Amino acid sequence: MAHLALSQVAVAVPVGSDLSLRRSAFKVSNLNFQDKSWAPVLTFNLKANNSRSRSRRVTCMSVQQTSAPKVTVSPLELEDANEPPLNIYKPKEPYTATIVSVERLVGPKAPGETCHIVIDHGGNVPYWEGQSYGVIPPGENPKKPGSPHNVRLYSIASTRYGDNFDGKTASLCVRRAVYYDPDTGKEDPSKQGVCSNFLCNSKPGDKIKITGPSGKIMLLPEDDPNATHIMIATGTGVAPFRGYLRRMFMESVPKFKFGGLAWLFLGVANTDSLLYDDEFTKYLKDYPDNFRYDKALSREQKNRSGGKMYVQDKIEEYSDEIFKLLDNGAHIYFCGLKGMMPGIQDTLKKVAEQRGENWEEKLSQLKKNKQWHVEVY
């Protein structure tokens with residue numbers, strides 16, 4: 001939100017007694033201006049809905065503090081539970097939610113299409129950061145005529161408060177699964193991913209059947225707000241990390257004041273394939289002491305050996321630092337396609353041996369200490 005003091009941004013504000021910012025770069029639905037120190041710095045032309053106020057001008061306020069102001073979230077009762085919600089809705093009795101929006105996340109040069117999908121669950125399917133929703137696409141299972149499709153799991157890409165900060169939505173990061181015939185090189189629609197295409201083709205107002213939430217392995221440990229969290233993602237595996245980072249750096253959560261280090265490694269094909277890059281870049285600017293962000297662009301960057309730059313090459317680049325952080329109790333998370341893990345494991349093993357350590361023993365200790373978190377698909 002600090003960008004308001006730096007650049008002109010088009011925002012819609014109903015001028016009158018309610019001066020809440022309705023939209024911003026982060027799609028903020030409400031802001032609390034009560035507890036900040038504000039000073040006028042910029043004047044905006046703001047369109048109002050009524051003719052009387054159309055020509056009025058409203059002064060934008062800038063916060064007088066070093067870190068960026070955070071967004072007020074509600075309901076704070078979502079912080080009260082000691083255990084994460086699990087499987088509130090099951091496949092036989094799913095919850096019918098509503099699609100709010102579907103937005104293409106990637107640029108024209110990205111291989112494939114990835115979409116950001118916001119789902120309204122009305123506050124009835126609460127979840128914690130790092131959990132997943134199940135989605136049951138419409139139609140019947142071709143392998144079991146008369147039965148619904150199997151559940152597909154998707155990591156949730158928002159915090160428990162959702163993108164509107166009101167606890168009523170959840171967001172998914174979905175890559176459209178398409179199949180290309182190896183002989184002709186052409187796309188074969190008959191073999192496309194049923195659920196990912198249903199989601200990416202959805203329109204606002206469409207109904208969607210969801211189950212869950214599920215999963216405990218990727219929950220963000222919050223017992224130490226000053227801990228180090230190393231996050232390694234390929235593609236849509238960045239979803240849970242977006243949730244973590246919004247909780248750490250965007251939301252004002254009374255019970256969780258993050259003061260540690262969050263370090264994100266994101267592997268994608270090229271610049272156009274980067275996901276949520278604007279958000280992550282903003283955290284880097286606003287919280288340089290608490291956030292690091294390294295990208296591995298396999299089709300644009302070269303590794304030290306002159307080959308394609310994959311996420312494991314970035315890990316090797318910073319291996320000494322990563323191992324020292326792990327020795328000091330850092331958590332490390334992996335999320336993405338399961339094909340990412342062998343290369344990463346090989347790299348970590350090689351680095352461990354160079355340091356005179358036994359990787360199998362070290363891995364066993366990391367798991368025992370609950371520092372090692374993996375969700376691949």
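Residues numbered from 1 in each chain as written. Predicted model: local features only at pLDDT ≥ 70, side-chain atom pairs only at ≥ 80, totals over all residues. Heavy atoms only, no water.

Going by an unreviewed UniProt entry, the chain carries the name Ferredoxin--NADP reductase, chloroplastic and comes from Arachis hypogaea. Of the chain, the UniProt comment under Subcellular location (unreviewed entry) reads exactly: "Plastid, Chloroplast". You can read under Catalytic activity (unreviewed entry) in the UniProt record for the chain the words "2 reduced [2Fe-2S]-[ferredoxin] + NADP(+) + H(+) = 2 oxidized [2Fe-2S]-[ferredoxin] + NADPH". (UniProt positions renumbered as here; feature names shortened; annotations may be inferred.)

(A) A look at the sheet that holds strand E15 (residues 372–376). Read from one edge of the open sheet, five strands run E13-E12-E10-E14-E15, paired in parallel fashion. Each of the sheet's edge strands pairs with one partner strand only, and the pair in question is strand E13 (291–297) and E15. Within this sheet the neighbouring strands show an average axis-to-axis angle of 10°, counted without direction. With five bridges connecting them, strand E10 (residues 228–234) and strand E14 (residues 331–336) associate as parallel partners. For His229, the partnering residue across the bridge sits in E14 and is His331. (Pairing = 2+ DSSP bridges. Helix = DSSP H or I, 4+ residues; strand = E, 2+ residues; numbered from the N terminus. Axes fitted to C-alpha atoms, helices over the stretch in contact; angles between N-to-C directions.)

(B) The pattern of salt bridges, seen in detail. In the structure shown here, the tally under the stated rule is 25 salt bridges. Measuring nitrogen to oxygen at the nearest pair gives 3.0 Å for the salt bridge that ties Glu279 to Arg246. On the criterion of sequence distance, the pair formed by Glu279 in helix H3 (residues 277–286) and Arg246 in helix H2 (residues 239–249) is long-range, its members being 33 residues apart. Each member of the pair Glu279 and Arg246 is classed as buried. A salt bridge links Lys349 to Glu360; its shortest N-O distance comes to 3.9 Å. Of this pair, Lys349 sits in helix H6 (residues 340–354) while Glu360 sits in helix H7 (residues 359–368), and the two are 11 residues apart along the sequence. Residue Lys349 is classed as partly exposed on the basis of its relative accessible area of 33%. Connected through salt bridges with shared partners, the residues Glu79, Glu129, Arg160, Glu222 and Arg247 form a single ionic network. (Salt bridge = Lys/Arg side-chain N within 4 Å of Asp/Glu carboxyl O. Buried < 20%, exposed > 50% of the residue type's maximum accessible area, 1.4 Å probe, protein only.)

(C) Just the nonpolar core, in detail. One finds Phe241, Leu245, Met248, Phe249, Leu264, Phe280 and Phe291 to be the most contacted residues of the largest nonpolar core, which totals 40 residues. At the level of secondary structure, the elements contributing two or more residues to this core comprise E10, H2, strand E12 (261–268), H3, E13 and E14. Among the elements that make up this core, the one with the highest residue count is H2 (six residues). No fewer than three residues from each of domain 1 (76–214) and domain 2 (218–376) sit in this core. Filtering out sequence-adjacent residues up to four positions away, Leu245 remains in contact with Met231, Met250, Ala262, Leu264, Phe280, Tyr283 and Phe291. The next biggest cluster of nonpolar side chains, apart from the first, holds 24 residues, and it includes Ile230, Phe323, Ala352 and Leu366. (Core = buried A, V, L, I, M, F, W, Y, C linked by side-chain atoms within 4.5 Å. Domains from an automatic or database assignment. Contact = heavy atoms within 4.5 Å.)

(D) Summary view of the packing of aromatic side chains. What the rule picks out here adds up to 21 aromatic pairs. With a centroid separation of 6.3 Å and 65° between ring planes, the pair formed by Phe241 and Tyr333 is classed as edge-to-face. With Phe241 in helix H2 and Tyr333 in strand E14, the pair connects residues that are 92 residues apart, well separated along the chain. Grouping aromatic residues by their ring pairs yields a cluster made of Phe249, Phe256, Phe258, Tyr276, Phe280, Tyr283, Tyr287, Phe291 and Tyr293. Positioned above the aromatic ring of Trp263, the side-chain terminus of Arg292 is 3.7 Å from the ring centre. (Phe/Tyr/Trp six-rings, centres within 6.5 Å; stacked < 30°, edge-to-face > 60°. Lys NZ or Arg CZ within 6 Å of the ring centre and 35° of its normal.)

(E) Inspection of the UniProt feature "binding site: NADP(+)" (unreviewed entry) in the chain at higher detail. As recorded in UniProt, the sites labelled "binding site: NADP(+)" (unreviewed entry) are Ser155, Arg175, Thr236, Ser298, Arg299, Lys308, Gly336, Leu337 and Glu375. In the annotated group above, the largest pocket draws its lining from Ser155, Arg175, Thr236, Ser298, Arg299, Lys308, Leu337 and Glu375. Looking at where Ser298 falls in the secondary structure, it is placed in the loop between E13 and helix H4 (311–317). Ser298 gets classed as buried once you look at its relative accessible area, which sits at 12%. You can see Lys308 is positioned in the loop between E13 and H4. Excluding its chain neighbours within four sequence positions, the residues that come into contact with Lys308 are Ser298, Gln301, Asn303 and Asp313. (1 Å grid on protein atoms, 1.4 Å probe; cavity = no way out; pocket = protein on both sides within 12 Å on 5 of 7 lines; lining within 4 Å.)

(F) Highlighting a positive patch on the surface. A grouping of Arg175, Arg299, Lys302 and Lys308 is seen on the molecular surface, where their side chains present a positively charged patch. Along the chain, the position of Arg175 falls in strand E8 (residues 169–175). Overall, Arg175 belongs to the partly exposed group, its relative accessible area being 45%. (Patch = residues over 30% accessible without salt bridge, like charges linked within 9 Å, V, L, I, M, F, W, Y side chains within 5 Å. Areas by Shrake-Rupley, 256 points an atom, 1.4 Å probe, with all protein chains shown as cover. Lys, Arg positive; Asp, Glu negative; His and termini not counted. Charge placed at Lys NZ, Arg CZ, Asp CG, Glu CD.)

(G) Highlighting helix H1 (residues 194–201). Burial analysis of H1 places six of its eight residues in the buried class, the great majority of the element. Those residues of H1 that fall on the buried side of the exposure criterion are Cys195, Ser196, Asn197, Phe198, Leu199 and Cys200. Looking at the buried residues of H1, the elements they touch are strand E4 (95–104), strand E5 (114–120), strand E6 (132–136), strand E7 (152–155), E8 and strand E9 (207–214).

(H) Fine view of the sheet that holds E9. Pairing in this open sheet of six strands is antiparallel, and the strands run E7-E6-E9-E4-E5-E8 from one edge to the other. Edge positions in the open sheet fall to E7 and E8, since each of these has one partner strand only. Ignoring strand direction, the axes of neighbouring strands in this sheet form an average angle of 40°. Here E4 pairs with E5 via six bridges, running antiparallel.

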